[in-house]
Amino acid sequence: MTPVRGKFITFEGIDGAGKSTHIGFVSDYVRARGHALIASREPGGTPLGEKLRELVLHEKMHLETEALLMFASRRENLAQLIEPALARGDWVITDRFTDASFAYQGGGRGLDLRKLEALEQWVHPDLQPDLTFLFDVPLEVARARLDATRALDKFEQEQSDFFFAARQEYLRRAAQFPQRFHVIDSTQPIAQIQVQLLAILDQAF
Ligand code: TYD
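Because the structure is a prediction, the values reported are computed rather than measured.

Okay, the nonpolar core next. Membership of the largest hydrophobic core comes to 36 residues, with the highest contact counts inside it found for I9, I14, V26, Y104 and F133. At five residues, helix α7 (residues 160-176) tops the list of elements feeding residues into this core.

This part is about the sheet that holds strand β4 (residues 131-136). Taken in spatial order, the five strands line up as β2-β3-β1-β4-β5 in an open sheet, and their pairing is parallel. Edge positions in the open sheet fall to β2 (37-41) and β5 (181-185), since each of these has one partner strand only. This sheet shows a mean twist of 20° between the axes of neighbouring strands, independent of strand direction. Bridge count between β2 and strand β3 (residues 91-95): five bridges; the pairing is parallel. Counterpart to A39 in the pairing with β3 is I93. Relative to the sheet, helix α8 (residues 190-204) contacts β1 (8-12), β4 and β5, its axis offset from that of β4 by approximately 160°.

Once that is clear, we can look at the layout of surface pockets. Taken as a whole, the largest pocket spans an internal volume of roughly 620 Å³. Lining the largest pocket are 29 residues, and of these D15, K19, R96, R150 and E156 sit closest to its centre. Sorting the residues of the lining of the largest pocket by element identifies α1 (19-32), α2 (47-58), α3 (63-87), α4 (98-108) and α6 (139-147) as the ones contributing at least two each. A total of four residues in the lining of the largest pocket trace back to one element, the largest contributor, which is α4. For the lining of the largest pocket, the residue count by class is ten nonpolar, seven polar and twelve charged.

Helix length check: α8 (15 residues) gives 21 Å between terminal C-alpha atoms against 21 Å at 1.5 Å per residue, within 8%. Where the residues of α8 are buried, they touch β1, α1, β4 and β5.

Further remarks concern the packing of α4 against α7. One way to put it is that α4 packs onto α7 with a least axis distance of 8 Å and a crossing angle of 135°. Considering the angle they form, α4 stands oblique to α7. Here α4 and α7 pass one another in a crossing that is right-handed. Contacts between α4 and α7 involve D99, A100, F102, A103, Y104, G107 and G108 on the former and, on the latter, F162, F163, A165, A166, E169, Y170 and R173.

Here we come to the side chain of D136. The residue D136 is located in strand β4 in this model. Within the local environment of D136, its side chain forms a polar contact with the side chain of R167, the two groups lying 2.7 Å apart.

Look at α3 against helix α5 (residues 113-123): their axes get within 10 Å of each other, and the N-to-C directions meet at 20°. As the angle between them shows, α3 and α5 are arranged roughly parallel. In this structure, α3 meets α5 at a crossing whose hand is right-handed. In this structure, α3 contributes E64, A67, L68, F71, R74, R75 and L78 to the contact, and α5 contributes K115, L116, L119, E120 and V123.

What counts and what doesn't
Throughout this description, residue numbers start from 1 for each chain and increase along the sequence as written. Totals for whole chains, interfaces and linings use all residues, but because this is a predicted model, local features are given only for residues with pLDDT of at least 70 and pairs of side-chain atoms are given and counted only at 80 or more. Side-chain figures throughout are based on the complete set of non-hydrogen atoms in the structure, without hydrogens or water. What we call a nonpolar core is a set of buried Ala, Val, Leu, Ile, Met, Phe, Trp, Tyr and Cys residues that are connected through their side-chain atoms within 4.5 Å. Exposed residues in this analysis have more than 50% of their type's maximum accessible area, buried residues have under 20%, and partly exposed residues fall in between, with area computed by a 1.4 Å probe over protein chains only. Numbered from the N terminus, helices here are DSSP runs of H or I no shorter than four residues, and strands are runs of E no shorter than two. For two strands to pair, DSSP has to find at least two bridges joining them. Helix axes are fitted to C-alpha atoms over the stretch in contact, other axes to C-alpha atoms as well, and angles between N-to-C directions run from 0 to 180 degrees. Contact definition: two residues touch when any of their heavy atoms are within 4.5 Å. Cavities and pockets are defined on a 1 Å grid built over the protein atoms alone: a cavity is a set of grid points where a 1.4 Å probe fits but cannot escape, while a pocket is an open set with protein on both sides within 12 Å along at least five of seven lines, and lining residues are those with an atom within 4 Å of any such point. Grid points are joined across faces, edges and corners, and a volume is the space filled by probe spheres set on the points. Each residue gets one label: Ala, Val, Leu, Ile, Met, Phe, Trp, Tyr, Cys and Pro are nonpolar, Asp, Glu, Lys and Arg are charged, and the others, such as Gly, are polar. An expected span of 1.5 Å times one less than the residue number is assigned to each helix. Every angle not falling under 35 degrees, over 145, or within 65 to 115 is termed oblique; those three ranges are roughly parallel, roughly antiparallel and roughly perpendicular. Handedness of a crossing follows from how the near helix is turned relative to the far one, being left-handed for an anticlockwise turn of less than a right angle and right-handed for a clockwise one. Polar contacts, as counted here, are pairs of nitrogen or oxygen atoms within 3.5 Å of one another; within protein the pair requires one atom able to donate a hydrogen and one able to accept it, and residues that are adjacent in sequence qualify only if both atoms are side-chain atoms.

Next comes the structure, spelled out in structure tokens:
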């Protein structure tokens, strides 16, 4: 008998929005319901993807090279990890996926969205996340959280207009795909966000 396909959950938000804090909570929820869980991140997730991550987060490059490397890493992650896991019935959580390419390369850097749509069609024509959590905060809050942490990578060093445009593009996509997107006001206390996450998960699954 073919196993029931697993669920695919993605976490998104501008840098400093606080998504990482909640990945552990949702992972515990999935495991507590008896599902095997694969946790991954993008760019990265596979040995090759992690090498691409190093490059793309720290080297200066042409905007289209950057977009292509994001999707190259994603292609590998889908082939090695995500697709096989979902097919055998495991659940998959990724820290960012294609919405981040639209937000950062599209919104932030201004790459023509049609090029990103073409890459999306190429790399995963038949797959979309079942659920996407978008952790949303005003730019000043995100910035303050970032400055309080470690050394900043190439994206984190971008200026406010970059993050403003990235956030706008995230919110535009959330409005475009309301079935899978859940926008979480990430200025709320963690406990309150967890209550909200639980309600969404219980309703969705
Ligand atoms: P992330 O893992 O959230 O950073 P951190 O480990 O510092 O929390 O994401 C890495 C960076 O890559 C982030 O600034 C967003 C960027 N990114 C893109 O520009 N395009 C993409 O398609 C993806 C997946 C990430």
